[in-house]
2 protein chains.
Amino acid sequence: MRWQQVENYIKISLGGNNIMAKKRNTTKSKKRNIIVGQSGGPTSVINSSLAGVYKTARERGFHTVYGMLHGVQGLLDERYVDLSTQIHSDMDIELLKRTPSAFLGSCRYKLPEIHEDPEIYERIFNILDKLDIEAFIYIGGNDSMDTIKKLSDYAILKGHTQKFLGVPKTIDNDLALTDHTPGFGSAAKYIAASTKEVIRDALGLTYNKKNISILEIMGRNAGWLTGATALAKTEECDGPDLIYLPEITFDIDQFLKKVNELLKKKDSIVIAVSEGIKLADGRYVCELSGGGDYVDAFGHKQLQGTAAYLASFLGAEIGCKTRSIEFSTLQRSASHMASRVDIDEAFMVGGAAVKAADEGDTGKMVVIDRVSNDPYISAAGIYDVHRIANNEKLVPREWVNKDGTYITDEFINYIEPLIQGDYQPFMVNGLPQHLVINKK
Amino acid sequence: MRWQQVENYIKISLGGNNIMAKKRNTTKSKKRNIIVGQSGGPTSVINSSLAGVYKTARERGFHTVYGMLHGVQGLLDERYVDLSTQIHSDMDIELLKRTPSAFLGSCRYKLPEIHEDPEIYERIFNILDKLDIEAFIYIGGNDSMDTIKKLSDYAILKGHTQKFLGVPKTIDNDLALTDHTPGFGSAAKYIAASTKEVIRDALGLTYNKKNISILEIMGRNAGWLTGATALAKTEECDGPDLIYLPEITFDIDQFLKKVNELLKKKDSIVIAVSEGIKLADGRYVCELSGGGDYVDAFGHKQLQGTAAYLASFLGAEIGCKTRSIEFSTLQRSASHMASRVDIDEAFMVGGAAVKAADEGDTGKMVVIDRVSNDPYISAAGIYDVHRIANNEKLVPREWVNKDGTYITDEFINYIEPLIQGDYQPFMVNGLPQHLVINKK
């Protein structure tokens, strides 16, 4: 399944090491500066996109590359750095590619509609003008693409010349129109590797008794990451026994029946559930245990406790040992298990956004197009951000089996290329080293 | 601090690649066979000890190397394999060293006292005689060393000639008389690396608001692993802000006061707590949330929910965002982040046990002695198992700061050498490959 045909490919090679840089012969006296920000939840590779922006901006002759500290929210407080004071060498760029979580700091900040608060837009553009910004690059998810849309709309409305480009980022893989999102492959790889380890752990301890392990995976509405646990099914591992995605209504009676059937055949059962699975009446499963109270700035309920609830439910119903395991924030920050394909693509889309802005595009998001699945080849494309913002891409129903308890081979074929390869972490004194910002 | 002077060093080089093998010139007509089992909770490197046993046994001329399936419990059901049907090459040995969780399967089985049930001892020795077993090697923790003690006592009582040797294994590092236990260094490394990643994750999201992350670390009575979170304090990471070990009585009022003080100075607070922290009245903190109900075969309460309880407590008291993170079973099975020192030492003690048994020792456990800290040099020694079994080694009070909220530099100096170096996982199709048993 191809998600879309991109409007235009951006000719940037994967890995970004030989980006076709063209320094523009500009006769303008004004400095050509660029600013980049990061927004929303972290990923393992969000900084690889930042590295791609920085390297490509320097190669294409931008004068100063600014970084917003904590996205648009920090920019409004005039908090930014000149990235040349932070990134001193190619070695730093490599380290940045291996550093999880937003190097510049992130925010969860939603711009008001233009008519609601034009003053805030004026403030942003005043800052951009003051810094001689020609291009504004924002690395983020759905909410961040909404920011790109509003700022580019405002610029056109008011005749500002800055270009606004979005770089996709989310472990959830729920952005429309891109084949997949940077950050997803690495989260999938960490989840799959950890699932294999949890399955082995549970198996080793099972003799003449039953045990059930329930893994809780991130993904509020989209089951992409929960489905990735199926990658643990390899020649030497059975993989999880049941997989429940948030796209499918969760039926707790059917669930219990399924588990009881499985227990007749094997002693150690491993079940992967999305944090966002819901009952037919619309309640989240985690709400049954009293979770789901906290609501974030975008009105999203914080979901935690789905696996814990189901483990205690099964423990009480069946009477065997159960255990719940949440992979928690490590899903989005375990860069020590990042995918090389993902790091390379994140770098590529960062560079492609700079190229597009430099060539006059605005109000667009860079997307990844899957040119070929086997051998896996991807390319950066570009799409109108108005067609992207605020649409969630869910797992298609036909990629889940009939009774909603596992994923299909098509799903596996889609994910598998995205977890391939590694960048060895740079180990210092036994631990992965990261690049951190110096705000002095 | 040196834990002990070992009784005798066993001359086996670290890494085991040039174990000084001497095939005994035996004139006995009886086959010289050996059997090995694994018991108790898994570690990332318990199979490296198995690899050390297997390789050394072959090198020293043992005929068949049997593996008990699921330890003594499986042996009583006559469940075992000839390991030459499982390990076919040096490549398999390397893969085994990188495979977490007991390859042979584990058990949690406690032998009765000899006078309570002599028949069970008769059954075990009948099986050993039938298999022409000369040496019995058991890889495990405190409970497993109790098995070695009882079986070797019984053999001496009844005039059986088999030798019984213990190989230490536990992520908890709570075995007495050995400088540290195989499995601890890799768990410490995984915990420290994950703590760094969690700290970065939380930092990136903090702007003009406070957040608190609470990490729950394994360790019922001993705080070795919880203390290992301090390794995350490096040149580019602050490390956790507070560390609470189970050795120190937990005072929830003092805790709240400490957190409030910290929040005046910084926005993102990360706190590491042991799952086993207890109040002055003896209750586990996790019991406050209704956890701690399940009791295992050794009478140990299952502890889960300490961090979740404290996160909701702080959330209610302070009103900021809190998050709890349990590293769960990945602490003991994330072999993709194992320490090279640990894998090598686990191999070494496995080999040393075979050598000791072959040279006539029985009722002993192999220990690791720290010959030098800088440069780090360790050697295998041997100790009477009667002096080891059922004593828990706790973190010394002087290795925790005065108010019980952090560890000292001596603790760090002790741990740091144990997390050094890596064995690259063997990656197949993007995921770490494991060796699994073929029971057919």
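Rules and cut-offs
- Residues numbered from 1 in each chain as written.
- Chains lettered and ligands numbered in written order.
- Predicted model: local features only at pLDDT ≥ 70, side-chain atom pairs only at ≥ 80, totals over all residues.
- Heavy atoms only, no water.
- Helix = DSSP H or I, 4+ residues; strand = E, 2+ residues; numbered from the N terminus.
- Buried < 20%, exposed > 50% of the residue type's maximum accessible area, 1.4 Å probe, protein only.
- Contact = heavy atoms within 4.5 Å.
- Areas by Shrake-Rupley, 256 points an atom, 1.4 Å probe, with all protein chains shown as cover.
- Least-squares fit on C-alpha atoms with pLDDT ≥ 70 in both.
- Expected span 1.5 Å × (residues − 1).
- Polar contact = N/O pair within 3.5 Å; in protein donor to acceptor, adjacent residues only side chain to side chain.
- Axes fitted to C-alpha atoms, helices over the stretch in contact; angles between N-to-C directions.
- Parallel < 35°, antiparallel > 145°, perpendicular 65-115°, else oblique.
- Nonpolar A, V, L, I, M, F, W, Y, C, P; charged D, E, K, R; others polar.
- Core = buried A, V, L, I, M, F, W, Y, C linked by side-chain atoms within 4.5 Å.
- Phe/Tyr/Trp six-rings, centres within 6.5 Å; stacked < 30°, edge-to-face > 60°.
- Buried area = accessible area lost by both parts, 1.4 Å probe.
- Salt bridge = Lys/Arg side-chain N within 4 Å of Asp/Glu carboxyl O.
- Pairing = 2+ DSSP bridges.

## Topic: the overall build of chain A
In terms of regular secondary structure, chain A is built from 12 helices and 14 strands. Burial status across chain A gives 65% buried among its 440 residues. A separation threshold of at least 6 residues defines the contact pool for chain A, and within that pool the share at least 24 residues apart is 78%. Surface accessibility of chain A: about 15600 Å² in total, with carbon and sulfur atoms responsible for 47%.

## Here's the deal with the relation of the copies chain A and chain B
Aligned on chain B, chain A shows an RMSD of 0.0 Å; the corresponding rotation is 180° and the shift along the axis is 0.0 Å. This pairing of chains is accounted for by a two-fold axis.

## Side note on the environment of Ala202 of chain A
Residue and element names in this part refer to chain A. Secondary-structure assignment places Ala202 in helix H6 (residues 184–204). Among the residues examined, Ala202 registers a relative accessible area of 6% and is labelled buried. Between the alpha carbons of Ala202 and Ile269 there is a distance of 8.4 Å; along the sequence they are 67 residues apart. When sequence neighbours within four positions are dropped, the list of residues in contact with Ala202 reads Asn211, Ser213 and Ser268.

## Comments concerning helix H11 (residues 340–358) of chain B
Residues and elements named next belong to chain B. End to end, H11 covers 27 Å across 19 residues, agreeing with the expected 27 Å (1.5 Å per residue, within 8%). The buried fraction of H11 is high, at 18 of 19 residues. The opening residue of H11, the one whose side-chain oxygen lies 3.3 Å from the backbone nitrogen of Val341, is Ser339. Count one or two residues on from H11 and you reach Gly360, which has phi positive near 105°.

## So, the packing of helix H1 (residues 46–59) of chain A against helix H3 (residues 90–97) of chain A
All names here are of chain A. In contact at an axis separation of 7 Å, H1 and H3 are set at 150° when each is read in the N-to-C sense. Relative to H3, the element H1 lies roughly antiparallel. Here Asn47, Ser48, Leu50, Ala51, Tyr54 and Lys55 of H1 come into contact with H3, specifically with Asp90, Ile93, Leu96 and Lys97. Counted by class, the contact of H1 with H3 contains five nonpolar, two polar and three charged residues.

## Remarks on the nonpolar core
Burial of nonpolar side chains together is a common tendency in soluble globular proteins. Core analysis: the largest hydrophobic core is formed by 88 residues, its most contacted members being Leu225 of chain A together with Leu225 of chain B. Setting aside residues up to four positions removed in sequence, Leu225 of chain B forms contacts with Ile171, Asp172, Phe184, Ala187, Ala188, Ile191, Ile217 and Met218 of chain B.

## Comments concerning the packing of aromatic side chains
Residue and element names in this part refer to chain B. Going through the model one piece at a time under the given rule, you end up with 32 aromatic pairs over all chains. On the numbers, 6.1 Å between centres and 85° between planes, the contact of Trp224 with Trp399 is edge-to-face. Of the two residues, Trp224 sits in helix H7 (residues 224–228) while Trp399 sits in the loop between strand E12 (376–384) and helix H12 (409–415), which places them 175 residues apart along the sequence. Overall, Trp399 belongs to the buried group, its relative accessible area being 4%.

## Quick notes on the interface of chain A and chain B
Think of interface size as the accessible area that goes away when the parts come together; that is how it is often given. Listed as interface residues are 69 residues of chain A and, on the opposing side, 69 residues of chain B. Summing both partners gives a buried area of about 5800 Å² for chain A against chain B, and 50% of it is carried by carbon and sulfur. When residues of chain A are sorted by the area they lose upon contact with chain B, Glu197, Arg200 and Tyr207 of chain A head the list and together hold 15% of the total. The interface formed by chain A and chain B holds two salt bridges in total. The salt bridge involving Asp201 of chain A is made with Arg332 of chain B; its shortest N-O contact spans 2.7 Å. Counting every contact that joins chain A to chain B gives 30 residue pairs in polar contact (both at pLDDT 80 or more). Elements supplying a minimum of two residues to the side of chain A that touches chain B: helix H2 (71–76), H6, strand E10 (321–326), helix H10 (330–333) and strand E14 (431–432) of chain A.

## As for the sheet that holds strand E7 (residues 211–217) of chain B
Residues and elements named next belong to chain B. In spatial order, the strands read E8-E9-E7-E10; together these four strands make up an open sheet with parallel pairing. At either end of the open sheet lies a strand with only one pairing partner, and these are strand E8 (242–244) and strand E10 (321–326). On average, adjacent strands in this sheet sit at an angle of 15° to one another, irrespective of strand direction. Relative to strand E9 (residues 268–274), E7 runs parallel, the two being bridged by seven bridges. If you follow Asn211 over to E9, its bridge partner there is Ser268. Across the sheet, helix H6 (residues 184–204) lies against E7, E9 and E10, angled at about 165° from E7, the strand it touches most. Running over the sheet, helix H9 (residues 306–318) touches E7, E9 and E10 and is turned about 160° from E7.

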